[in-house]
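Commentary on secondary and tertiary structure
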Amino acid sequence: MPILLWVRGKLHAEKPIYAGKARQSLWTSATVNIATLRPNVFKPIEKPVDCVVEIQEISEPDLRAKVTEFKKAGEKLDVAEADIIVSGGRGMKGPEHFSLIEALANELGAAVGASRAVVDAGWRPHGEQVGQTGKTVSPSLYIACGISGAIQHLAGMSSSKFIVAINKDKDAPIFAIADYGINGDVFEVLPVFTEEVKKLKN
Ligand SMILES: Cc1cc2nc3c(=O)[nH]c(=O)nc-3n(C[C@H](O)[C@H](O)[C@H](O)COP(=O)(O)OP(=O)(O)OC[C@H]3O[C@@H](n4cnc5c(N)ncnc54)[C@H](O)[C@@H]3O)c2cc1C
């Protein structure tokens, strides 16, 4: 979990680095500070704390850069912004079987994610990769299908609120961080899972 504080006129930030193995501490006393945050990294507070935030007005001539347009990457829901992610790994056996992942994602209104193994194999686009060299995500629900749970994958999704893992190897590391584990074959579990979600919706 990152930390962002305004302390005696200085901005203090702490963030995990090296796949969560170390923390980096940063201080800045610059006049203008811009901090960006990944979606869902902070829980909204119920009661605002007492704090004074100074917001400086920047006049037009002081602007060095200006956002003129926002371009959407596409119609597909991005993993970094999705509240639910259904992710597939090498256990899906081939790109053609990702239709099972897409069917469940479709029912749940979720984004499709992928492990690096499947992105490297060219089964899925890089934009879907979750992990150390992909995107870091914090959805409410992350469903890992046929993903072993390598440390580099966990680095990108372990802060998800609920993790469901489907894996036929009961000793797969993903089960160590999963809230719910299904020890089974994705080709048997996913169609039933999707059907049950459909029934719940009707
Ligand atoms: C510098 C570096 C950066 C990396 N960055 C990333 C990253 O950003 N993201 C990432 O994901 N990885 C990353 N990796 C790769 C990572 O180490 C793993 O190789 C990768 O995550 C493995 O992907 P996987 O879990 O899909 O495949 P595997 O490790 O091969 O796991 C496949 C899993 O599927 C299960 N399985 C097989 N068949 C079935 C079935 N029919 N039903 C159910 N389960 C089944 C198996 O039991 C196994 O657990 C990085 C590695 C390095 C060195």
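See the structure shown above.
What comes next is a walk through the structure. This is a predicted model, so every value here is computed, not measured. (Residues numbered from 1 in each chain as written. Predicted model: local features only at pLDDT ≥ 70, side-chain atom pairs only at ≥ 80, totals over all residues. Heavy atoms only, no water.)

What follows deals with the sheet that holds strand β6 (residues 141-145). Spatial strand order, β5-β4-β6-β7-β8: 5 strands in an open sheet with parallel pairing. The sheet is open, and its two borders are formed by β5 (111-114) and β8 (180-183), each paired with just one other strand. On average, adjacent strands in this sheet sit at an angle of 15° to one another, irrespective of strand direction. As paired elements, β6 and strand β7 (residues 162-167) share 5 bridges and run parallel to each other. Its bridge partner lying in β7, C145 is registered against I166. Taken strand by strand, helix α1 (residues 98-108) contacts β4 (84-88), β5 and β6, and its axis lies near 175° from that of β4. Across the sheet, helix α5 (residues 186-201) is in contact with β6, β7 and β8; its angle to β7 comes to roughly 135°. (Pairing = 2+ DSSP bridges. Helix = DSSP H or I, 4+ residues; strand = E, 2+ residues; numbered from the N terminus. Axes fitted to C-alpha atoms, helices over the stretch in contact; angles between N-to-C directions. Contact = heavy atoms within 4.5 Å.)

Another aspect to go through is the site of the ligand. Every one of the 26 residues lining the ligand counts as a neighbour, but K93, S115, T133, S148 and Q152 are closest to it. One of the backbone nitrogen or oxygen atoms of Q132 is found 3.0 Å away from an oxygen atom of the ligand. Taking H153, its side chain carries an N or O atom lying 2.8 Å from an oxygen atom of the ligand. Against a free-state accessible area of 990 Å², the protein chains account for coverage of 77% of the ligand. Broken down by secondary-structure element, the contributors of at least two residues to the shell around the ligand are α2 (116-120), α3 (151-157) and α5. The class makeup of the residues in the shell around the ligand is 6 nonpolar, 14 polar and 6 charged. (Near = heavy atom within 4 Å. Polar contact = N/O pair within 3.5 Å; in protein donor to acceptor, adjacent residues only side chain to side chain. Areas by Shrake-Rupley, 256 points an atom, 1.4 Å probe, with all protein chains shown as cover. Nonpolar A, V, L, I, M, F, W, Y, C, P; charged D, E, K, R; others polar.)

With that settled, consider the nonpolar core. Within the largest apolar cluster, 21 residues are counted, with the highest numbers of intra-cluster contacts made by V86, I101, C145 and L190. Residues in contact with V86, not counting those within four places in the same chain, are I101, L104, A105, L108, A110, A111, V112, G113, I143 and C145. By size, the runner-up hydrophobic cluster in this structure holds 17 residues, among which are I85, A111, V137 and I174. (Core = buried A, V, L, I, M, F, W, Y, C linked by side-chain atoms within 4.5 Å. Buried < 20%, exposed > 50% of the residue type's maximum accessible area, 1.4 Å probe, protein only.)

A few words on unusual backbone geometry. Although it is not a glycine, K93 sits at a positive phi angle of roughly 70°. Residue placement: K93 occurs in the loop between β4 and α1. With a relative accessible area of 53%, K93 lands in the exposed category.

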